[in-house]
Amino acid sequence: YDINVINGMKYYYSIQVVDTSNNTSSLSYSDPLFCIPVNKPPKKPLIREITSRNGSLNIEIEKNTIETDIFNYRLYRKTVDSTYILVHTFLPTVFKNNFYIYNDLNLTNGVKYTYRLNILDKFNLSTNSDEKTGTPIDDSPPNSITITNIESFYNKIKLNWEMSLDTKFFRYNI
């Protein structure tokens, strides 16, 4: 590989064989007679999965391990009623074991968010990743309540407590 080239410039090559006695062959010229290097865009990036949390989403991104001239990754988000906005830009150095997890905070539970990703190298922008969608959920436990009164009777006990105001209330365990 000749790595000291500039994209778009024309390069000509010739090769000469030298033996151990320092004898040289005639020059061989490249076919075609010249080459113009082209820097192709990075391959399409991959959002592996989205995990729902309370008011946030964890977006797991796979590192592009093929290209060596990546400048940055750009993550975009939209809702059903909006267009894509840039929410996070990050460098290739943040990856651990070829994966990076971005925690998108302060989202609204129950709203569907769609993400896409692209990669910028020194000269080109990749095609967008496939879209991935996630919906934050309220996975927090219910608030505790207070026992307000305990009365004992023959062979039984009566308990009184505050009512749960939790919107996902299902039952009490006593």
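A quick note: this is a predicted structure, and the numbers were derived from the prediction, not measured.

Colleague: I would appreciate a short explanation of the pattern of salt bridges in the present structure.
Modeller: Side chains that differ in charge, positive against negative, can pair when their charged atoms come close. Scanning the model with the defined rule gives 4 salt bridges in all. A salt bridge links D130 to K44; the nearest nitrogen and oxygen atoms lie 2.7 Å apart. Here the residue D130 occupies a position in the loop between β8 (113-121) and β9 (132-134), and K44 occupies one in the loop between β2 (28-29) and β3 (46-53), the gap between them amounting to 86 residues. Relative accessible area serves as the criterion here: at 42%, K44 is assigned to the partly exposed category. The partner of R77 in a salt bridge is D104, with the nearest N and O atoms 2.7 Å apart. On the criterion of sequence distance, the pair formed by R77 in strand β5 (residues 70-79) and D104 in strand β7 (residues 99-104) is long-range, its members being 27 residues apart.

Colleague: I tried to follow the packing of aromatic side chains on my own but got confused; where do I start?
Modeller: Here a ring pair, both rings aromatic, is described through the centre-centre distance and the interplanar angle of the planes. Taken as a whole and judged by the stated rule, the model has 7 aromatic pairs. For the pair W161 and Y172, a centre-to-centre distance of 5.3 Å together with 65 degrees between the ring planes defines the contact as edge-to-face. With W161 in strand β11 (residues 156-161) and Y172 in the segment after β11, this residue pair connects regions lying 11 residues apart in the sequence. Overall, the relative accessible area of 29% leaves W161 in the partly exposed class. We note R116 situated over the ring of Y84; from NZ or CZ to the ring centre the distance is 4.0 Å. Sitting over the face of the ring of F153, K156 holds its NZ or CZ atom 5.8 Å from the ring centroid.

Colleague: It is not clear to me how the pairing of β3 should be interpreted in this structure. Could you clarify?
Modeller: If a strand is regular, its side chains alternate between the two faces of the sheet. Bridging between β3 and strand β4 (residues 56-62) involves 7 bridges; their strand directions are antiparallel. Within β4, the position partnered with T51 by the bridge is N58. Connecting β3 to the antiparallel partner β4 that follows it, the hairpin turn spans 2 residues, and G55 within it adopts a positive phi of roughly 75 degrees.

Colleague: Hey, could you run me through the environment of K158 in this one?
Modeller: Within the secondary structure layout, K158 lies in strand β11. When near neighbours in sequence (up to four residues on either side) are disregarded, K158 contacts N149, I150, E151 and F153.

Colleague: Is there a simple way to think about the sheet that holds strand β6 (residues 85-90) in this case?
Modeller: Pairing within the open sheet is antiparallel, and its 4 strands lie in the order β6-β5-β8-β9. Each edge of the sheet is formed by a strand with only one pairing partner; in this case those strands are β6 and β9. Strand-to-strand twist across the sheet, computed as the mean angle between neighbouring axes with direction ignored, equals 30 degrees. Of the pairings in the sheet, the one linking β5 to β8 comprises 9 bridges and is antiparallel in character. Residue pairing across strands places T79 opposite Y113, the latter belonging to β8.

Colleague: So what exactly am I meant to see when it comes to the sheet that holds β7 here?
Modeller: Taken in spatial order, the 3 strands of this open sheet run β3-β4-β7, and their pairing is antiparallel. With one partner strand each, in any of the chains shown, β3 and β7 form the two edges of the open sheet. When strand polarity is set aside, the average angle formed by the axes of neighbouring strands in this sheet is 20 degrees. As paired strands, β4 and β7 are joined by 6 bridges and run antiparallel to one another. Bridge pairing in β7 places E62 opposite F99.

The rules behind the values
- Residues numbered from 1 in each chain as written.
- Predicted model: local features only at pLDDT ≥ 70, side-chain atom pairs only at ≥ 80, totals over all residues.
- Heavy atoms only, no water.
- Salt bridge = Lys/Arg side-chain N within 4 Å of Asp/Glu carboxyl O.
- Helix = DSSP H or I, 4+ residues; strand = E, 2+ residues; numbered from the N terminus.
- Buried < 20%, exposed > 50% of the residue type's maximum accessible area, 1.4 Å probe, protein only.
- Phe/Tyr/Trp six-rings, centres within 6.5 Å; stacked < 30°, edge-to-face > 60°.
- Lys NZ or Arg CZ within 6 Å of the ring centre and 35° of its normal.
- Pairing = 2+ DSSP bridges.
- Contact = heavy atoms within 4.5 Å.
- Axes fitted to C-alpha atoms, helices over the stretch in contact; angles between N-to-C directions.

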